[in-house]
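Architecture and fold: a report
Listed here are the chains, written in short residue letters.
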Amino acid sequence: MTDTKPFMEENDVLKQFIELLNQQNMREQSQDLMEFFKYAAGMQLQLAVMADELQGVRQQLSQLQENQPKQVKENLMAKVERIQEKITDLSVRLSAIKDYLVETTVQAVNAFKEKGRSEMCRVVQKWISGVKWALADYREHLTGVMLDCQKTANQIDSIGDELKQIGNSVSNVGRLLAGKGTREVSDEKPGVGLTRVINKPVKKAVENLRKDIESVDKAFEKLDRLSECFNAGKEAEKGGRESLKDKLSQMKAKTDQQKKAPEPDKAKTKSKAECL
């Protein structure tokens, strides 16, 4: 299980909110919120690991030289790179949910101090509605990335099969000339073992993403239970969706801007060239 202690220590306001719920005899609700915090923090860490492993896949694909056309290798590398980018996008979406969570707990604690429990419930209901919308969007993108990973894994397997077939064909020519039957060669053609190694993290990503989808479904169940406890009307639900949509748009715009920003050295070189 993922340790949420560092996450909670960095956000004292979250601890304060959990303590407030416990004081209000809402221990079950506070436990469900803790589970959700754990899910968000753990998922983001897992996505970072996946992105790093796929970077290793791209480096290993560059070693497929002799037996595969350059176009095939570059096509696969491009696919893995796109999967990496999509996984990074998933992490951005989780960051938006986490940030919105912190902002909401501040508002909920203040609402309780100023107007009491009913106002606190209204604020939390707004958060729940917004997060349910964001999780539905996240689940859709998660499914798309999983299918892309599965397709890429199948393509890498196909390359391994082709390399193995090449090895069998060369070996069996001699056996046929000698009047012997064909057989599978025991020694792997160079590259077959490499494709297996390359594909291991891709297939692992497929399995992890499938489990993540199941985790999202369980998170929905927790949010539904919380919604019943904090129910405060339709207006809060509408406000939650709009607030989180704005938060996600801002974070994605910031990420896109960072991607487009030129590296310092390149910018300096370009500036000198323009002067000349």
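Rules and cut-offs
Residues numbered from 1 in each chain as written. Predicted model: local features only at pLDDT ≥ 70, side-chain atom pairs only at ≥ 80, totals over all residues. Heavy atoms only, no water. Helix = DSSP H or I, 4+ residues; strand = E, 2+ residues; numbered from the N terminus. Buried < 20%, exposed > 50% of the residue type's maximum accessible area, 1.4 Å probe, protein only. Contact = heavy atoms within 4.5 Å. Areas by Shrake-Rupley, 256 points an atom, 1.4 Å probe, with all protein chains shown as cover. Salt bridge = Lys/Arg side-chain N within 4 Å of Asp/Glu carboxyl O. Phe/Tyr/Trp six-rings, centres within 6.5 Å; stacked < 30°, edge-to-face > 60°. pLDDT = per-residue confidence, 0-100. Expected span 1.5 Å × (residues − 1).

With that out of the way, let us pick up the overall build of the chain. Helices and strands together make up the secondary structure of the chain, namely eight helices and zero strands. Along the chain, helices (α) and strands (β) appear in the sequence α-α-α-α-α-α-α-α when read from the amino end. Relative to its full complement of 276 residues, the chain shows a buried share of 42%. Sequence-distant contacts in the chain: of pairs separated by 6 or more residues, those separated by 24 or more amount to 83%. Accessible surface computed for the chain: about 16000 Å², of which carbon and sulfur atoms make up 48%.

All right, on to the environment of Val92 then. Relative to the helices and strands, Val92 is located in helix α4 (residues 70-115). Judged by its relative accessible area of 11%, Val92 is buried. Expressed as a C-alpha distance, the spacing of Val92 and Thr255, which sit 163 residues apart in the sequence, is 8.1 Å.

As a further point, take unusual backbone geometry. Despite not being glycine, Asn25 has its phi angle at roughly 55°, a positive value. Within the secondary structure, Asn25 is located in the loop between α2 (12-23) and α3 (27-61). Relative accessible area serves as the criterion here: at 72%, Asn25 is assigned to the exposed category.

The subject of this paragraph is the pattern of salt bridges. Scanning the entire structure with this criterion turns up 12 salt bridges. Here Arg58 and Glu81 are joined by a salt bridge, their closest N and O atoms 4.0 Å apart. On the criterion of sequence distance, the pair formed by Arg58 in helix α3 and Glu81 in helix α4 is long-range, its members being 23 residues apart. The class for Glu81 is partly exposed, based on a relative accessible area of 32%.

With that settled, consider the packing of aromatic side chains. Under the counting rule described, the total for this entry stands at two aromatic pairs. Ring centres of Phe36 and Tyr39 lie 6.1 Å apart, and the angle between their planes is 45°; on these two criteria the pair is classed as tilted. Taken together, the positions of Phe36 and Tyr39, both in helix α3 and three residues apart, correspond to about one turn of that helix. With respect to class, Phe36 is no different from Tyr39; both count as buried.

Here Asn208 shows up in helix α6 (residues 192-230). With a relative accessible area of 16%, Asn208 lands in the buried category. Sequence-distant contacts of Asn208, defined by excluding residues within four places in its chain, comprise Gln46 and Met50.

This part covers the confidence of the model for the chain. Looking at the chain as a whole, its pLDDT mean stands at 75, while 68% of the residues score no less than 70. For the chain, the element scoring lowest by mean pLDDT is helix α8 (residues 264-275), at 49; α2 scores highest, at 87. This stretch, residues 232-238, has a pLDDT under 50; its non-local contacts, to residues over four places away or in other chains, come to 11 contacts.

Turning our eyes to something else, we now look at α2. Within an α-helix, residues lying three or four positions from one another point in the same direction, as the helix has 3.6 residues per turn. Relative to the 16 Å expected for 12 residues at 1.5 Å per residue, α2 spans 17 Å between its end C-alpha atoms, a close match to the ideal helical length. Inspection of α2 places Val13, Leu14, Phe17, Ile18, Leu20, Leu21 and Asn22 among the buried residues, and these make up the whole buried set. Just downstream of α2, Asn25 is the residue with a positive phi angle, here 55°.

What follows is about the environment of Met26. For Met26, the location among the structural elements is in the loop between α2 and α3. Sequence separation between Met26 and Cys229 is 203 residues, and the spatial gap between their C-alpha atoms is 9.1 Å. Leave out the neighbours within four places in its chain, and Met26 touches Leu21, Arg117, Met120 and Phe230.

This paragraph deals with the environment of Asp246. On the secondary structure map, Asp246 appears in helix α7 (residues 234-260). On the basis of relative accessible area, Asp246 is assigned to the partly exposed category, the value being 46%. A C-alpha to C-alpha distance of 9.5 Å links Asp246 and Ala96, two positions 150 residues apart in sequence.

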